[in-house]
Amino acid sequence: MASISYSPAAFIGTSASDLLRSSSNGVIGIPLKTLGNTRFLVKRRDVTVAAKLRKVKKHEYPWPADPDPNVKGGVLTHLSHFKPLKEKQKPVTLEFEKPLVDLERKIVDVRKMADETGLDFSDQILSLENKYQQALKELYLHLTPIQRVNIARHPNRPTFLDHVFNITDKFVELHGDRAGYDDPAVVTGIGTIDGRRYMFIGQQKGRNTKENIQRNFGMPTPHGYRKALRMMYYADHHGFPIVTFIDTPGAYADLKSEELGQGEAIAHNLRTMFGLKVPIVSIVIGEGGSGGALAIGCANKLLMLENAVFYVASPEACAAILWKSAKASPKAAEKLRITAPELCKLQICDGIIPEPPGGAHAGPAWTSQQIKAAINENMDELLAMDTEELLKHRNHKFRKLGGFQECVPIDPKKKVHMKKKEEQTILRTSNAELEGEIEKVKQQILKSKESSSKPPEFALKNVVEKLKKEVYHEYSEAIKHTDLKDRLEMLRGEVSKANSRDQLMNPVLVDKIEKLKHELNQKLSATPNYTILKHKLGMLKELSTAKSQSKAVTMKQEVNKKFNEIMGRPEINEKLEALEAEVQKSGSSSFVDLEQGVKDKILNLKKEIELEMINALESLSLNVEAIKSNAKSTSLSIFKGKVDNLNEEINKKIQNVVKSSELKNMIGLLKLEMAKAEDIRSKSKIETLEQQIKQRLSEAISSSELKEKHEELKEEISEAIKSSAGGNGSLPEETYAELKLEMNFA
């Protein structure tokens, strides 16, 4: 460096060529280099020039003076700044590994003693080493999530470039985002594995403090993600499969990175990766933190080293948010489910790459070979797909994450590992209060009967529900004092499994239920609370009867109300008054003596009222099967005995069918389904069972013998009607109504 002092007056009368000559070639044509470090003072036309040259450190280029052409990876490997460390990394013992330190010290002491004394301690050393390896294996088989986090952050853990140089035949690093910067936290390059060319993209941490500062502790800036994006486009254009290595605590979150568009750079990568037409395999080799990891992790296959972690927020950050203290990080690590085995269960991770006992840093070369084998295996699978299938595969992998289905039974294997629901405490009602409420409801029912008012349905329903809960509780307490509790639980599991398949219950299972029910009834009398249970069951039965009677009273009142509404209509009243006037005018004392026209009008009005009444009853969810007249007639009473006999035969046939094992099982299952009719599936099962039972009964009573008897009786009745008919050949309506057969053949 040269410093020059001058006076403006010194340049007066000096030519431009002299000035140029002095500035380019030194002072008065003498090169500055020849002047060395000597301070000098030269006067020329009142000009004073003072100069001093300072030696600077020569720039270090990665290319050596004498490059070895036979180096692994080819001569271009010399271009990489990543060189083997001059000093060996210091061993770091994690907190949970400290119990192993004592064994290591013993091994060192025995070896030292053997060297000093010259004695043979090989057996003792071998025994201690075996014991150490066994303890190490046992320790690493039962690691907690927070311990895996600490292993993933181990300072000696192999980095991305360590693995790349171990698994590639040739590798050349590519630099720059073509926007003015080359982020050292993201390394990209082209390499070959077994002759197949790949684009490698990875987040690079340092191996010591100096490298960590240079690599920004593996936290990329927007320049790093844009460099990765450039290389993805490059690989897509040339058809290179992409392999990404994830090892970052997260994207760098300083002010400058935010100003340069950190979020936009990550989002751009996410969008682009879903459209790349080449296979992508991502491997988490350390910790994968949040969007910083996902920006190069939208792959067809996501693999993880055994002790790697992948999370949306670090355990420390999660603990600080939820429990207001970073000390709760072990609990947070467990709840976050960030380890490779947990993520495999959630189908986020597609495979686990094994590590040696002690972690990847205990055997870097062995771990790298496992990574190489995993890359080859997964790439063989993905390269067999065409472009459309590859894109669908990648899209489906991420679309299925977090999905769930409602109203789908849980797989029994998954249900085993689910947390059991905490038993809800039932608010108990004392016996005195319960009996008081029951007595109060009874009084209200009696008053409603006397006053013909509406029964207290709401109060009755509440008391019945309370009593049901009490009975259920007493049953549970009684079962605890028997040896049937385990069998009951097993049977409940079998029943729930059978119901989940939406099929009819197996007869064997129904038989088990009946046997258990019989045993329970026999052993109940020996339980301590049997008297209380029996008393509450009696009250429940009484109230259930009162409830059904209350429903009948309510229904009767509604039917009467509907009938009064129909009969109170003006058009019906007009027709009744007109018919009454015609009957009085005719002077007839009975229906038979009336003229045929008046008879028809009466019958038509009767049918009209009956149809209106049927519609009204159906609106109350009542089924009308037959309408009987109260008229008494003995003209065809000879057939009443025959009809009764036929009905009796039909009933016997039905009883025989009901007693059969098949229909008995169906009816038992129907009762169970009706008892628990809570959801739509139960209702559909009830409808199916009802149809099947009706079909079996219909087949039973539709036998040829019964049909023949029915047809014969029908013919006899029709002949009797014809013989006893009036002038128009018809039987009075009230007589026919009495002998209607209530038989419904399918």
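All of these numbers come straight from a predicted model, not from anything done at the bench.

Trainee: Where do I start with the overall build of the protein in this structure?
Mentor: A count of helical and extended segments in the protein gives 28 helices and 10 strands. Residues counted as buried form 35% of the 746 residues belonging to the protein. The long-range fraction of contacts in the protein, counting pairs at least 24 apart against all pairs at least 6 apart in sequence, stands at 71%. Roughly 47,300 Å² of accessible area belongs to the protein as shown, and the carbon and sulfur atoms make up 54% of that amount.

Trainee: Would you mind showing me how to read the pairing of strand 5 (residues 196-203) here?
Mentor: Remark: a regular strand shows side chains that alternate across the two faces of the sheet. Within strand 5, 6 of the 8 residues are buried, leaving the element largely enclosed by the surrounding structure. In this sheet, strand 6 (residues 242-248) lies alongside strand 5 in parallel orientation, the contact comprising 4 bridges. Bridged to Phe 200 within strand 6 is Val 243.

Trainee: Mind showing me how you'd approach the confidence of the model for the protein here?
Mentor: A low pLDDT score tells you not to read the predicted coordinates there in detail. With 75% of its residues at a pLDDT of 70 or more, the protein shows a mean pLDDT of 77. Every residue in residues 1-12 is under pLDDT 50, and counting partners more than four places away or in other chains gives 22 contacts. Confidence over residues 421-426 falls short of pLDDT 50; this stretch has 0 contacts with residues more than four positions distant or in other chains.

Trainee: When you look at the nonpolar core in this model, what are you seeing that I'm missing?
Mentor: For soluble globular proteins, the rule of thumb is that nonpolar side chains tend to be buried together. Judged by nonpolar contacts, the single largest core of 53 residues is most densely connected at Phe 200, Ile 201, Ile 242, Phe 245, Ile 283 and Ile 375. Once you skip the residues sitting within four places of it in the chain, Phe 245 turns out to touch Phe 160, His 163, Ile 167, Phe 200, Ile 201, Gly 202, Gln 203, Ile 283, Ile 285, Ile 296, Ile 371 and Ile 375. If you look at the next biggest cluster of nonpolar residues, it comprises 23 residues, including Leu 434, Val 471, Ile 513 and Leu 524.

Trainee: Would you mind going over the side chain of Asn 529 with me for this structure?
Mentor: Topologically, Asn 529 is positioned in the loop between helix 20 (507-524) and helix 21 (530-567). Look past the residues within four positions of Asn 529 in its chain and what remains in contact with it is Glu 474, Glu 477 and Ala 478.

Trainee: Would you take a moment to explain the packing of helix 22 (residues 570-586) against helix 23 (residues 596-619) for this structure?
Mentor: Think of two packed helices as two axes; the pair is described by the angle between the axes and how far apart they sit. Interaxial distance between helix 22 and helix 23 falls to 11 Å at its minimum, and their mutual angle equals 155 degrees. Judged on the interaxial angle alone, helix 23 and helix 22 are roughly antiparallel. Pair helix 22 / helix 23 crosses with left-handed handedness. Packed against helix 22, whose contacting residues are Ile 572, Lys 575, Leu 576, Leu 579, Glu 582 and Val 583, the element helix 23 presents Val 598, Lys 601, Ile 602, Leu 605, Glu 608 and Ile 609 at the interface. Class assignment for the residues of the contact of helix 22 with helix 23 results in 8 nonpolar, no polar and 4 charged.

Trainee: In this structure, what is going on with the packing of helix 2 (residues 98-117) against helix 3 (residues 122-141)? I would like to understand it.
Mentor: Viewed as axis vectors pointing N to C, helix 2 and helix 3 meet at an angle of 165 degrees, and their least axial separation amounts to 10 Å. Overall, the two elements helix 2 and helix 3 adopt an arrangement that is roughly antiparallel. For the pair helix 2 and helix 3, the sense of crossing is left-handed. On helix 3, the residues touching Leu 100, Leu 103, Glu 104, Lys 106, Ile 107, Val 110 and Arg 111 of helix 2 are Ile 125, Leu 128, Glu 129, Lys 131, Tyr 132, Ala 135, Leu 136 and Leu 139.

Trainee: How do you make sense of the packing of aromatic side chains when you look at a structure like this?
Mentor: Each aromatic ring pair is characterised by the separation of its centres together with the angle its planes make. For the structure shown, the criterion picks out 8 aromatic pairs. Geometrically, the ring pair formed by Phe 165 and Phe 171 is edge-to-face, given 5.6 Å between the ring centres and 85 degrees between the ring planes. In this pair, the class of Phe 165 matches that of Phe 171, namely buried. Aromatic ring contacts, followed pair by pair, group Phe 160, Phe 165, Phe 171, Tyr 198, Phe 200 and Phe 245 into a single cluster. The ring centre of Phe 398 lies 5.6 Å from the NZ or CZ of Lys 397, which sits over that ring.

Trainee: I'm lost on helix 22 in this one. Help?
Mentor: For an α-helix the count is 3.6 residues per turn, leaving residues at separations of three or four pointing the same way. For helix 22, with 17 residues, the first-to-last C-alpha span of 25 Å sits near the 24 Å given by 1.5 Å per residue. Downstream of helix 22 by a residue or two, Gly 587 has a phi angle that is positive, lying close to 75 degrees.

Trainee: Whenever I open this one, the pattern of salt bridges confuses me. Can you help?
Mentor: Should the charged atoms of two oppositely charged side chains come close, the side chains can pair. The tally for this structure, following the rule as stated, stands at 21 salt bridges. Between Lys 205 and Asp 247 there is a salt bridge, with its nearest N and O atoms 3.6 Å apart. One end of the pair, Lys 205, is in the loop between strand 5 and helix 6 (209-214); the other, Asp 247, is in strand 6, and 42 residues separate them in sequence. Each member of the pair, Lys 205 as well as Asp 247, is classed as buried. Residues Lys 536 and Glu 474 are paired through a salt bridge, measuring 3.2 Å at the closest nitrogen-oxygen approach. You can see Lys 536 sitting in helix 21 and its partner Glu 474 sitting in helix 18 (residues 457-480), a full 62 residues away along the chain. Each member of the pair Lys 536 and Glu 474 is classed as buried.

Trainee: Even after reading the chapter, I still don't get unusual backbone geometry, so can you show me in this structure?
Mentor: The phi angle of most residues is negative, glycine excepted, and most peptide bonds adopt the trans form. Within the chain, Arg 337 stands out as a residue other than glycine whose phi angle is a positive 55 degrees. Following the sequence through the fold, Arg 337 ends up in the loop between helix 12 (329-336) and helix 13 (340-345). Note on Arg 337: relative accessible area 37%, which makes it partly exposed. Residues other than glycine seldom take positive phi values, yet Gln 347 does so here, at roughly 65 degrees. Within the secondary structure, Gln 347 sits in the loop between helix 13 and strand 10 (351-353).

Trainee: Is there a simple way to explain a negative patch on the surface in this structure?
Mentor: There is a patch of like negative charges on the surface, built from Glu 708, Glu 711, Glu 712, Glu 715 and Glu 719. For Glu 711, the location among the structural elements is in helix 27 (residues 704-723). By relative accessible area, which is 42% here, Glu 711 ends up partly exposed.

Criteria and thresholds
Residues numbered from 1 in each chain as written. Predicted model: local features only at pLDDT ≥ 70, side-chain atom pairs only at ≥ 80, totals over all residues. Heavy atoms only, no water. Helix = DSSP H or I, 4+ residues; strand = E, 2+ residues; numbered from the N terminus. Buried < 20%, exposed > 50% of the residue type's maximum accessible area, 1.4 Å probe, protein only. Contact = heavy atoms within 4.5 Å. Areas by Shrake-Rupley, 256 points an atom, 1.4 Å probe, with all protein chains shown as cover. Pairing = 2+ DSSP bridges. pLDDT = per-residue confidence, 0-100. Core = buried A, V, L, I, M, F, W, Y, C linked by side-chain atoms within 4.5 Å. Axes fitted to C-alpha atoms, helices over the stretch in contact; angles between N-to-C directions. Parallel < 35°, antiparallel > 145°, perpendicular 65-115°, else oblique. Left-handed = near helix turned anticlockwise from the far one by under 90°. Nonpolar A, V, L, I, M, F, W, Y, C, P; charged D, E, K, R; others polar. Phe/Tyr/Trp six-rings, centres within 6.5 Å; stacked < 30°, edge-to-face > 60°. Lys NZ or Arg CZ within 6 Å of the ring centre and 35° of its normal. Expected span 1.5 Å × (residues − 1). Salt bridge = Lys/Arg side-chain N within 4 Å of Asp/Glu carboxyl O. Patch = residues over 30% accessible without salt bridge, like charges linked within 9 Å, V, L, I, M, F, W, Y side chains within 5 Å. Lys, Arg positive; Asp, Glu negative; His and termini not counted. Charge placed at Lys NZ, Arg CZ, Asp CG, Glu CD.

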